[in-house]
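Breakdown of the fold
Residues per chain, in single letters:
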Amino acid sequence: MILCVECGNTAIKFGFFDENELKYRYLLKSQDNLSSDDYAIKIKILLENKILKIEGAIISSVVPSLTNILKNAVSKIFDCDVTILNRQLKTKIPLKIDNPRELGTDFLCTAVGAMRKYDYPFVIADLGTATKLSVVDKNGNFIGCIITAGMKVSLKSLVANTAQLYDVEVAAPKKIIGKNSIDSIQSGIVYGQAYMVSEFARRIENELGYPINRVLTGGYSSIIKNEIVCFNYYENLSLEGLYNIYLMNREEK
């Protein structure tokens with residue numbers, strides 16, 4: 001069994017894969033004030049006394065302060081080698097961007113995950129703390145991305161900078177036209193993201209000059225998956241991509 005850990009700004013995902021299948025998936029809140037021992041305890045609680053034999057593990061992290069903490073926690077529990085995803089590992093996706101070192105490892109995971117499901121070209125919309133769109137062209141090159149504030153970040157900014165608006169649940173209201181403050185805010189935040197992503201995909205196609213496959217993933221994507229035109233939804237795309245990156249590099253070794 002292979003453990004794949006994806007550390008984001010809001011949550012940490014733990015995916016346990018066996019023979020190409022995701023057997024178990026768990027979530028923890030990202031907290032940079034915890035030690036490796038603290039995380040080891042939390043992981044054990046998540047597992048509910050399951051005895052899992054882990055052959056190896058790989059971590060993708062966009063939170064540098066947590067990377068080694070999680071690596072040490074995983075090593076303590078499972079006594080296995082832990083690989084940290086970086087751009088030196090093989091992904092089979094050429095990065096045709098100005099500075100590949102700037103690219104977050106989360107982009108690599110979703111791109112590899114999408115490539116296992118679709119022929120290129122494709123665009124991936126990853127809706128999490130940030131909303132990110134990745135573009136892989138018809139030659140299989142990662143040619144760029146779009147980054148903007150995610151739903152919760154947008155909501156917090158709106159509430160913090162307006163005197164008469166207040167925090168609400170990030171959820172899709174029944175109608176676009178809100179008849180009260182809650183529905184109006186939710187419509188703007190949730191449907192605004194859905195239509196923005198759809199329009200970005202249309203304009204990306206125009207810029208490329210050919211049609212593309214459209215893939216949707218990320219923690220907030222389930223809220224609007226039925227509102228985004230022509231996108232195929234995959235809940236665990238990044239974990240599946242991370243698992244395949246592990247396999248690529250294990251085979252090479």
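A brief structural summary. Bear in mind the structure is a predicted one, so any value in this text is a computation, not a measurement.

Reading the values: the criteria
Residues numbered from 1 in each chain as written. Predicted model: local features only at pLDDT ≥ 70, side-chain atom pairs only at ≥ 80, totals over all residues. Heavy atoms only, no water. 1 Å grid on protein atoms, 1.4 Å probe; cavity = no way out; pocket = protein on both sides within 12 Å on 5 of 7 lines; lining within 4 Å. Points joined across faces, edges and corners; volume = space filled by probe spheres on them. Helix = DSSP H or I, 4+ residues; strand = E, 2+ residues; numbered from the N terminus. Nonpolar A, V, L, I, M, F, W, Y, C, P; charged D, E, K, R; others polar. Core = buried A, V, L, I, M, F, W, Y, C linked by side-chain atoms within 4.5 Å. Buried < 20%, exposed > 50% of the residue type's maximum accessible area, 1.4 Å probe, protein only. Contact = heavy atoms within 4.5 Å.

1. A few points about the layout of surface pockets
Put simply, the largest pocket is a space of about 540 Å³. What lines the largest pocket is a set of 25 residues, and nearest its centre among them are Lys13, Gly128, Thr129, Gly218 and Gly219. Elements with a contribution of two residues or more to the lining of the largest pocket: strand 1 (2-7), strand 2 (11-18), strand 3 (21-29), helix 3 (105-115) and strand 7 (130-136). Residue composition of the lining of the largest pocket, grouped by class: seven nonpolar, 11 polar and seven charged.

2. What about the nonpolar core?
In a soluble, globular protein the nonpolar side chains are often hidden away together inside. Cys4, Ile58, Ile124 and Phe142 are the most contacted members of the largest nonpolar core, which has 28 residues in total. Looking at this core, the elements with two or more residues in it are strand 1, helix 3, strand 6 (122-127) and helix 7 (237-252). It is helix 7 that contributes the most residues to this core, eight residues altogether. With near-sequence residues (within four places) excluded, Ile58 lies in contact with Leu3, Cys4, Val5, Thr83, Leu85, Leu89, Leu242, Ile245 and Tyr246.

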